[in-house]
Amino acid sequence: MSSPLDRSDSGNGFYSDQESLRLRRAPSRMSNQNYPQYNWRSNPSDDEVGNAESPRELRTLARPMAQKKALRQVQQMRMPVSTSAKSWTHNKTKSLHKLKSNFREFLYFFSLWRKSLQKIGGNFGGGVESYFLFLRFLVVLNFVSFLLIAGFVIVPSLVFRSAGTSLNSTDDGPCMKYNPNPQGLVVFYEFFLHLLSGQGFMEDSLMFYGYYNNNTAMEEGRLFYNLPLAYLFTAVFYFAFCLCCIIAHMGTAARVVVATGGSTMGNYSLIVFTGWDYGCLGDQATKLKQKNIYYRLQVDLEEERIKKQAASLTPWRRVALYSLRVLMFLISIGLIVAAFYGIFVATEFSQKNNEKTGILGLFIEYLPSMVITAGNFLVPLLCDQIALIEKYSPSVTVVVALLRAVVLRMVSLGVLLFTLWSQITCDGNTEAMDCKMCQYNVDKYPCWETRVGQEMYKLTLFDLLVTIALLVLVEFPRRMVVDNWSSKLSQLVGRQEFVVPSNVLGLVYGQTVVWTGALFCPLLPLINTVKFVFLFYCKKITLFYNCRPALKTFRSTTSTFFFLVVLLFGWILSLVVMIYSLAVIHPSMACGPFRFIPTMWQIVPNSFYSLSKVTQEFLFFIGSQAFSIPLFALSCVVMFYFIALASIYGRSVAMLKAQLKLKGHDKQFLVKQIEKMKSSSL
């Protein structure tokens, strides 16, 4: 009986996996063993030829390329004669696959900032590149959202707006006094102040809620376009569209996380076997890809080093480490609470003294934005230093810093909104003296929706101005001092690192502000698009000219998914604000498309009862139990099907990983046997 080391697969000219490496001799150039020997007399196996009906399935076979070509020739020779219908179907399917492939290549060629992102990933690693990819996603999301709002609200409002119709009410009632237009001559610098504060001529423009009226365009006595209904449904579909985009990108990121299995070994295998891009052309692209792979491997090595260091800790050192982490956690919570209190005090002071004019009035108007921006800048900076003291792994450090900054940014915005709500609705007491007549504080807020939109507009604009000021006044001077002044202090400070968590939270915070104010400021997505485009080039300049590569990089696969989860939290906060504004607070009676109705949502039943009887019956059927219960049952069946499918795929992945481990053990055993044979032969 021959040993496994003496066997070889002579049928196809290839050696088996269990063959001795010592017996594998390099064939001569004239030998036929350089080419795959295929047994043309034997029938192809079902696994290789019969089931591989398409080139896509044939490519999945673990065979050399020359042998795959031979198998493809066998397929074509043994393909039965098909009818014209089958041939047409086959050609159509092939054409569709080719069209999809060409369309994807076209989109990739025209993708936004493709070369810049490749350069960033090669020089600074995938972690920094994930920030710019996230920024590109938000740019596209805001631009498409603006097109949605412009198509259904802004353009119809301009087209169907009656000539000479004034938005301002001329009634003498106490709830109808609202006139944002400045009277008489206006000093030139006040136009600049109005541009920054959103008041004056800006308040009576397409920018804010108060500009849009409640007219319904009619054509020959029949309903043509209901602007209030379009305004409400556009806001609802805008939120739904953003949610679908976030979930789609989360699914893409989650597939990468699941593929690596959340382990360093899985990520290492993914980098080694699938990391290289064979489409790289030129020396520059090749070097950038090599640097990118180097940074990714560096991340895995750093993670493994910290894990081994944590595993080697003694019990007393572990207790000391956990105690230190608890202490740092309490300190970070104290900093966040102090920031909340400062925002609350600044917002109350600004709302009580909003009648000031000139430069002082502008300063008071921007006081909440200044305090929020200062808190969002200083507290995360301190929390990042605290996270370094806690000695987490790089990826965990990013997640912890993001969580703390998320709590600060989201709740700071919530504190601002709560303060505005308490003053608009008299702390929710509509029976109070200031709110009894109009159900809201009409003396301070004759058009409260526009006032909320102005606050969101000022937050967005001030965030952009702070970014420009930091770039010009802090980052460039720091780089010049470090490069041109050789001292111990400059060497200690050094060039700055591009801190991904704080920058990502800046994007999430800005997008949450836009979602919160989109109902009251329809042009805010367009402003945010321009802001993010400008921010991309500012961050790119400061990255290449002012920053150095990070000493400790982190894994971009898990961070990308976590960025989207944080963005989803911001969406939920904005959704709560929108639902409360639509369903609870009384709309302003002197401005906007929802005047003279108790809530904004009331326009939906009012418009419903104006429809035809057949349409009403159809909509009643959709909302009835006869339709909703079968739909719910079908949704449950589909959901359980996908859950079972995911479970099966998970088990298959686990089995494949176990098989890979066994294969590795077999290879190690063979190597040991070869070493024994070599030592015995010597």
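Only a predicted model underlies this, so the values are computations on that prediction, with no experimental measurement involved.

Caption draft 1: Here's a closer look at the overall build of the protein. Summing up its helical and strand segments, the protein has 22 helices and 4 strands in all. Relative to its full complement of 682 residues, the protein shows a buried share of 40%. Intrachain contacts of the protein at a sequence separation of at least 6 include 73% that bridge at least 24 residues. For the protein, the accessible area works out to roughly 40,100 Å², and carbon and sulfur atoms hold 65% of it.

Caption draft 2: Geometry of a nonpolar patch on the surface. A surface patch of nonpolar side chains, amounting to about 590 Å² of accessible area, comprises Leu-611, Phe-618, Leu-619, Phe-621, Ile-622, Phe-627 and Leu-631. Of all the secondary structure elements, the ones that give two or more residues to the nonpolar patch are α21 (613-623) and α22 (625-681). Tallying contributions element by element places α21 first for the nonpolar patch, with 4 residues. Within the element layout of this structure, Ile-622 appears in helix α21. For Ile-622, a relative accessible area of 34% translates into the label partly exposed.

Caption draft 3: Representation of the packing of aromatic side chains within the structure. Taken as a whole and assessed by the stated rule, the structure comprises 22 aromatic pairs. Arranged with centres 5.9 Å apart and planes meeting at 85 degrees, the rings of Phe-208 and Tyr-457 form a pair that is edge-to-face. A residue pair is termed long-range when its members are at least 10 positions apart, and Phe-208 in the loop between α7 (188-197) and β1 (216-219) and Tyr-457 in helix α15 (residues 448-484) qualify at 249 residues. Accessibility assignment for this pair places Phe-208 and Tyr-457 in one class, buried. An aromatic cluster of at least three residues, connected via ring pairs, comprises Trp-113, Tyr-131, Phe-132, Phe-498, Phe-536 and Tyr-537.

Caption draft 4: Local environment of the packing of helix α11 (residues 315-352) against helix α13 (residues 367-389). One can describe the packing of α11 onto α13 by two numbers: an axis separation of 9 Å at closest approach and a directional angle of 175 degrees. On the basis of their axis angle, the class for α11 and α13 is roughly antiparallel. Residue classes in the contact of α11 with α13 are distributed as 18 nonpolar, 4 polar and no charged.

Caption draft 5: Focus on the packing of α13 against α15. Interaxial distance between α13 and α15 falls to 10 Å at its minimum, and their mutual angle equals 50 degrees. When the axes of α13 and α15 are compared, the pair comes out oblique. At the point where α13 passes α15, the crossing takes the right-handed sense. Contacts from Ser-369, Met-370, Ile-372, Thr-373 and Phe-377 in α13 reach Lys-458, Leu-459, Phe-462, Val-466 and Leu-470 in α15. Of the residues in the contact of α13 with α15, the class split is 7 nonpolar, 2 polar and 1 charged.

Caption draft 6: Up close: the state of the cysteines. Applying the stated criterion to the full structure yields 2 disulfides. Two residues share a disulfide in this structure: Cys-426 and Cys-435, whose sulfurs sit 1.9 Å from each other. In this structure the cystine formed by Cys-426 and Cys-435 twists about its S-S bond by roughly 80 degrees; its chirality is therefore right-handed. According to the relative accessible area criterion, Cys-426 is buried, its value standing at 15%. Here Cys-447 engages in a disulfide with Cys-591; their sulfurs sit 1.9 Å apart.

Caption draft 7: Highlighting the nonpolar core. If you look at the biggest cluster of nonpolar residues, it comprises 111 residues, and the most contacted ones within it are Tyr-131, Phe-132, Phe-134, Trp-448 and Trp-515. Ranked by the residues each element gives to this core, the list is headed by helix α6 (residues 126-159), at 14 residues. Discounting chain neighbours no more than four positions away, the residues touching Phe-132 are Leu-117, Ile-120, Phe-498, Phe-536, Lys-539, Lys-540 and Leu-543.

Caption draft 8: Region of interest: the pattern of salt bridges. Tallied over the entire structure, the rule returns 3 salt bridges. When the shortest N-O distance is used, the salt bridge between Glu-455 and Lys-458 registers 3.3 Å. In this pair, Glu-455 and Lys-458 both sit in helix α15, 3 residues apart, roughly one turn of the helix. Across this residue pair, the class does not change: Glu-455 and Lys-458 are buried. Between Asp-463 and Lys-531 there is a salt bridge whose closest N-O contact spans 2.9 Å. One end of the pair, Asp-463, is in helix α15; the other, Lys-531, is in helix α18 (residues 524-546), with 68 residues separating them in the sequence. The buried category is assigned to Asp-463, whose relative accessible area is 14%.

Caption draft 9: Geometry of the side chain of Thr-234. With respect to the helices and strands, the residue Thr-234 is situated in helix α8 (residues 227-260). Ignoring any residue separated from it by four or fewer positions in sequence, one finds Thr-234 in contact with Leu-148, Ile-149, Phe-152 and Val-153.

Caption draft 10: Main features of the confidence of the model for the protein. Here the protein averages 75 in pLDDT, and 75% of its residues register 70 or above. When the elements of the protein are averaged for pLDDT, helix α1 (residues 46-50) gives the smallest value, 44, and α18 the largest, 90. Counted against residues more than four places away or in other chains, residues 1-53, with its pLDDT under 50, gives 72 contacts. Low pLDDT, under 50, characterises residues 163-170; the stretch is placed with 16 contacts to residues that sit more than four places away or in other chains.

Caption draft 11: Representation of the side chain of Asn-528. One can find Asn-528 in helix α18. With a relative accessible area of 0%, Asn-528 lands in the buried category. Side-chain polar atoms of Asn-528 contact the side chain of Gln-511, separated by 3.2 Å. Aside from chain neighbours lying at most four places away, what touches Asn-528 is Asn-142, Thr-460, Gly-510, Gln-511 and Val-514.

Caption draft 12: Broad picture of the environment of Phe-241. You can see Phe-241 is positioned in helix α8. Separated by 97 residues in sequence, Phe-241 and Val-144 place their C-alpha atoms 9.5 Å apart.

Caption draft 13: Molecular detail of unusual backbone geometry. Even without glycine at this site, Gln-439 takes up a positive phi of about 70 degrees. Its location among the elements puts Gln-439 in the loop between α14 (394-424) and α15. The phi torsion at Phe-596 lies on the positive side, around 70 degrees, for a residue other than glycine. Inspection of the secondary structure puts Phe-596 in the loop between α19 (556-583) and α20 (603-608).

Caption draft 14: Quick look at the environment of Met-328. Topologically, Met-328 is positioned in helix α11. Sequence separation between Met-328 and Gln-385 is 57 residues, and the spatial gap between their C-alpha atoms is 10.0 Å. Residue contacts for Met-328: discarding those within four places in its chain leaves Ile-386, Ile-389 and Glu-390.

The rules behind each value
Residues numbered from 1 in each chain as written. Predicted model: local features only at pLDDT ≥ 70, side-chain atom pairs only at ≥ 80, totals over all residues. Heavy atoms only, no water. Helix = DSSP H or I, 4+ residues; strand = E, 2+ residues; numbered from the N terminus. Buried < 20%, exposed > 50% of the residue type's maximum accessible area, 1.4 Å probe, protein only. Contact = heavy atoms within 4.5 Å. Areas by Shrake-Rupley, 256 points an atom, 1.4 Å probe, with all protein chains shown as cover. Patch = residues over 30% accessible without salt bridge, like charges linked within 9 Å, V, L, I, M, F, W, Y side chains within 5 Å. Salt bridge = Lys/Arg side-chain N within 4 Å of Asp/Glu carboxyl O. Phe/Tyr/Trp six-rings, centres within 6.5 Å; stacked < 30°, edge-to-face > 60°. Axes fitted to C-alpha atoms, helices over the stretch in contact; angles between N-to-C directions. Parallel < 35°, antiparallel > 145°, perpendicular 65-115°, else oblique. Nonpolar A, V, L, I, M, F, W, Y, C, P; charged D, E, K, R; others polar. Left-handed = near helix turned anticlockwise from the far one by under 90°. Disulfide = S-S within 2.5 Å. Core = buried A, V, L, I, M, F, W, Y, C linked by side-chain atoms within 4.5 Å. pLDDT = per-residue confidence, 0-100. Polar contact = N/O pair within 3.5 Å; in protein donor to acceptor, adjacent residues only side chain to side chain.

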